[in-house]
Amino acid sequence: EIVVPVTRRNVAIEDFIPAGLEIIDTSLSTENQTLDDNLSQFERNQFRPSHYEWRDDRAFIFRENLKPGTYKFDYLVRALVPGDYLHLPAQIWEMDNPENFGRSNASRFSVK
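Residues numbered from 1 in each chain as written. Predicted model: local features only at pLDDT ≥ 70, side-chain atom pairs only at ≥ 80, totals over all residues. Heavy atoms only, no water.

Peer 1: Explain the sheet that holds strand β2 (residues 8–16) here, please?
Peer 2: Within a beta sheet, neighbouring strands are joined by backbone hydrogen bonds and run either parallel or antiparallel to one another. The 5 strands lie next to each other as β4-β5-β2-β9-β10, forming an open sheet whose pairing is antiparallel. A strand with exactly one partner marks an edge of an open sheet, and here the two such strands are β4 (51–54) and β10 (97–103). Neighbour-to-neighbour, the strand axes of the sheet open up by a mean angle of 15°, direction not taken into account. One ladder, built from 4 bridges, connects β4 with strand β5 (residues 58–66); its direction is antiparallel. Bridge assignment links W54 to a residue of β5, and that residue is A59. (Pairing = 2+ DSSP bridges. Helix = DSSP H or I, 4+ residues; strand = E, 2+ residues; numbered from the N terminus. Axes fitted to C-alpha atoms, helices over the stretch in contact; angles between N-to-C directions.)

Now the structure itself:
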């Protein structure tokens, strides 16, 4: 969830993915397309990035203009191995003014 008090430009978000997980890219024809339907319950269309990249170790999301408000953007990950995981804080910053930034909380979770 992103809370923006004033209009921001060129906003970048990095969400680091723990080793042992992978982002599910439903835009690929080899991926299960019905998983994309599950995202509708997360109000996926509330935040529309200008650009995004699914990398091996992180999600990179970019938006050119971000008006004041509260936004959500969700995506799915798949656990490749069971275990205990630490999800590092996501980071958000204004690329032209990096002094304007924020971080989420870290969290732990288990996959059995």
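Picking up where we left off.
Peer 1: How should the packing of aromatic side chains be read in this particular structure?
Peer 2: Centre-to-centre distance and the angle between the planes together describe a pair of aromatic rings. Summed over the entire model, instances satisfying the criterion amount to 5 aromatic pairs. Measuring from centroid to centroid gives 6.5 Å for F73 and Y75, while their planes differ by 45°, and the two rings are tilted. Take F73 and Y75: they sit in the same class, and that class is buried. Ring geometry for Y85 against F109: centres 5.3 Å apart, planes inclined by 20°, an arrangement best described as stacked. Of the two residues, Y85 is situated in strand β8 (residues 83–87) and F109 in strand β11 (residues 107–111); the sequence distance between them amounts to 24 residues. Take F109: its relative accessible area is 31%, and that puts it in the partly exposed class. (Phe/Tyr/Trp six-rings, centres within 6.5 Å; stacked < 30°, edge-to-face > 60°. Buried < 20%, exposed > 50% of the residue type's maximum accessible area, 1.4 Å probe, protein only.)

Peer 1: Can you walk me through the pattern of salt bridges in this structure?
Peer 2: Any two side chains of opposite charge can pair, so long as their charged atoms come close to each other. Here the structure, examined in full by the defined rule, presents 5 salt bridges. Linking E14 and R58 is a salt bridge whose minimum nitrogen-to-oxygen distance equals 2.9 Å. Placement of E14 in strand β2 and of R58 in strand β5 is noted, with a sequence separation of 44 residues between them. The salt bridge partner of R55 is E53, with a shortest N-O separation of 2.7 Å. Within the structure, one salt-bridge network assembled from shared partners comprises E14, D57 and R58. (Salt bridge = Lys/Arg side-chain N within 4 Å of Asp/Glu carboxyl O.)

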